[in-house]
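Coordinates in review
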Amino acid sequence: MATSRVPLVLLACGSFNPITNQHMRLFELARDHMHSTGQYQVVGGVVSPVSDGYGKQGLVLAKHRVAMAKLALRSSNWVTVDDWESRQPDWTETAVTMRYHYGRILNECKQFTAAHNDDSSGNAVPLSTPSPQLKLLCGADFLESFKIPGLWQEDHVEEVAGRFGLVCVSRGGLEPERAVHESDTLSAHRRNVFHVREWVSNETSATEVRRALRRDLSVKYLIPDSVIEYIHQHNLYTRDSESINEGAVLRPLAKQPVKSLDDSLHTPAKASPAATMPADFSGKWILETNDKFEEYLKVLNIDFATRKIAISLSQTKVVTQDGDKFDFKTLSTFRNYELAFTVGVEFDEHTKGLDNRNIKCLVTWEGDKLVCTQKGEKANRGWKHWIEGDKLYLELTCEDVVCVQVFKRKQ
């Protein structure tokens, strides 16, 4: 006797600022893959835009993001938009959003059962169909977020990966398998993390769409025409709108979880990652050692000639720190590079003069270390800065390469 497939609903959470064709394409790719396993029957998809309380720079009002998503998905007969999360007064953890939707799905299933499975005497007939499941649909870069200190509660990672599960669509050079391998929790539930490979390259980014819009450039064929019309009608994604939440700390990094009333009454409050400043990085630092720098440049696809010039240079770092605001200047006789950021605030970086890529970055405190997660086409990319005595350490990572630079404070 053939085994019944498990009914499955796919849930995508995010800013959808604005929704793009790539967002919608993820649902189609995921549905095909889950059907190919022979275990699941995808019965629905849900787009859940985040609330205004998320605090991300350039985030337009939820009512607009919901409206644009609904316009974009008019052509879909199985993916819908739900505004519950967007209507919450504060940012809602992904695990909490999943609990809400799973409860709603179970309730709808019970109502359907009661309405369609009564015998002639009015008694309910037991269903042989398996209970429905809910899984989180995400891109490969989402798995990298589990590494960001303070962004996820460990029990929430356990709940999302273990109780529900993830369907992860990879693209470009990102390696979701590595992210699973490097997380003990994800690795323990690896059979509940489904990897979907997108062979037709599509690198559409909502960030790049917004950038094009505020520069009056065409975004046709990147987002639906109905969404483009809505954006123009409501004058969204202008230079002014990109300054929304500028300098604000992402709500997930500022929100303090309280497990119980006893915890809130008897446990001293912990400082948020953005509020912790255990070290003063200000000053001038001279490079002393540079281990595996050429290997690091090579994995970034830097050409041979440039690598040889770079590894021979003497570097000086000039760091200015004002609270959680930093300005790092890297000076050399070949070229200079400047990076300004605020701890806890996500920002876009163009690595001009290095590998010339556009990446999304978030710097947080991890004890006495500054830790940066860089999301882009290169997997496992980021850096860490910390101080020991009169030495400044910089650990650069990309894929499986780790470069360590040591600088000495100049008196």
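Calculation notes
- Residues numbered from 1 in each chain as written.
- Predicted model: local features only at pLDDT ≥ 70, side-chain atom pairs only at ≥ 80, totals over all residues.
- Heavy atoms only, no water.
- Buried < 20%, exposed > 50% of the residue type's maximum accessible area, 1.4 Å probe, protein only.
- Helix = DSSP H or I, 4+ residues; strand = E, 2+ residues; numbered from the N terminus.
- pLDDT = per-residue confidence, 0-100.
- Contact = heavy atoms within 4.5 Å.
- Pairing = 2+ DSSP bridges.
- Axes fitted to C-alpha atoms, helices over the stretch in contact; angles between N-to-C directions.
- Polar contact = N/O pair within 3.5 Å; in protein donor to acceptor, adjacent residues only side chain to side chain.
- Core = buried A, V, L, I, M, F, W, Y, C linked by side-chain atoms within 4.5 Å.
- Salt bridge = Lys/Arg side-chain N within 4 Å of Asp/Glu carboxyl O.
- Phe/Tyr/Trp six-rings, centres within 6.5 Å; stacked < 30°, edge-to-face > 60°.

Right, let's get into helix α2 (residues 62–72). Of all 11 residues that make up α2, eight are buried, and the element is covered over most of its length. Taken together, the buried positions of α2 are Ala62, His64, Arg65, Val66, Met68, Ala69, Leu71 and Ala72.

On to the confidence of the model for the protein chain. Scored by pLDDT, the protein chain has a mean of 85; 89% of the residues are at 70 or more. Below pLDDT 50 for its whole length, residues 256–277 participates in 26 contacts with residues either more than four positions away or in separate chains.

Further remarks concern the sheet that holds strand β10 (residues 337–342). With respect to topology, 10 strands assemble into an open sheet ordered β10-β9-β8-β7-β16-β15-β14-β13-β12-β11, the strand pairing being antiparallel. Each of the sheet's edge strands pairs with one partner strand only, and the pair in question is β10 and β11 (347–350). Neighbouring strand axes in the sheet, compared pairwise and without regard to direction, differ in orientation by 25° on average. As paired strands, β11 and strand β12 (residues 358–366) are joined by four bridges and run antiparallel to one another. Bridge pairing in β12 links His350 to Asn358.

Another point: the sheet that holds strand β4 (residues 133–139). Strands sit in the order β3-β2-β1-β4-β5-β6 across an open sheet of six strands; the sheet is parallel. Only two strands of the sheet have a single partner each, and these edge strands are β3 (79–81) and β6 (193–197). Taking each pair of neighbouring strands and ignoring which way they run, the sheet shows an average axis angle of 25°. Here three bridges tie strand β2 (residues 40–49) to β3, and the two strands are oriented parallel to one another. Bridged to Val47 within β3 is Val81. Of the strands in this sheet, β1 (6–14), β2, β3, β4, β5 (166–170) and β6 are in contact with helix α1 (residues 21–36), which crosses β2 at around 155°.

As for its placement among the helices and strands, Ala62 is situated in helix α2. Considering only alpha carbons, one finds Ala62 and Glu85, 23 residues apart in sequence, at a separation of 9.6 Å. Setting aside chain neighbours within four positions, we find Ala62 in contact with Val50, Asp52 and Ser86.

For the rest of this paragraph, the subject is the side chain of Asn192. Tracing the backbone through its elements, the reader meets Asn192 in the loop between α7 (184–188) and β6. There is a polar contact of 2.9 Å between the side chain of Asn192 and the backbone oxygen of Ala161. Residue contacts for Asn192: discarding those within four places in its chain leaves Lys135, Ala161, Gly162, Phe164, Gly165 and Leu166.

Attention shifts here to the side chain of Glu346. Summarising the element assignment, Glu346 is placed in the loop between β10 and β11. Filtering out sequence-adjacent residues up to four positions away, Glu346 remains in contact with Lys56, Leu250, Lys360, Cys361, Leu362 and Lys375.

Note that strand β7 (residues 283–291) and strand β16 (residues 401–409) share six bridges and pair antiparallel. In the strand pairing of β16, Asn290 is matched with Gln405. Here eight bridges tie strand β15 (residues 391–398) to β16, and the two strands are oriented antiparallel to one another. Across the sheet, Leu392 pairs through a bridge with Phe407, a residue of β16. Remark: two residues form the turn of the hairpin made by β15 and β16, two consecutive strands paired antiparallel; Glu399 in that turn has positive phi of roughly 55°.

What follows concerns the nonpolar core. As a rule of thumb, nonpolar side chains are buried together in soluble globular proteins. One finds Leu10 and Leu137 to be the most contacted residues of the largest nonpolar core, which totals 41 residues. Broken down by element, this core gets its largest block of residues, six residues, from α1. Beyond its immediate stretch of four places on either side in the chain, Leu10 contacts Phe27, Ala30, Arg31, Val42, Gly44, Gly45, Val46, Trp78, Lys135, Leu137 and Val167.

Pairs may arise between side chains of opposite charge once their charged atoms sit close together. Applying the stated rule across the entire model yields 23 salt bridges. Between Glu242 and Arg214 there is a salt bridge; the shortest N-O distance is 3.3 Å. Taken together, the residues Glu242 in the loop between α9 (225–233) and α10 (251–254) and Arg214 in helix α8 (residues 206–214) connect sequence positions 28 residues apart. Residues joined by salt bridges that share partners form a network here, namely Glu208, Arg211, Asp348 and Lys360.

The next point concerns the packing of aromatic side chains. Evaluation of the coordinates by the stated rule reveals 18 aromatic pairs. A centroid spacing of 5.9 Å and a plane angle of 15° characterise the contact between Phe328 and Phe341, whose relative ring orientation is stacked. Here Phe341 lies in strand β10 and Phe328 lies in strand β9 (residues 325–331), a separation of 13 residues in the sequence. Given a relative accessible area of 5%, Phe328 falls into the buried group. Centre to centre, the rings of Phe328 and Trp383 are 6.4 Å apart; their planes meet at 55°, and the pair counts as tilted. One end of the pair, Phe328, is in strand β9; the other, Trp383, is in strand β14 (residues 381–388), and 55 residues separate them in sequence. Of the residues examined, Trp383 reaches a relative accessible area of 9% and is grouped as buried.

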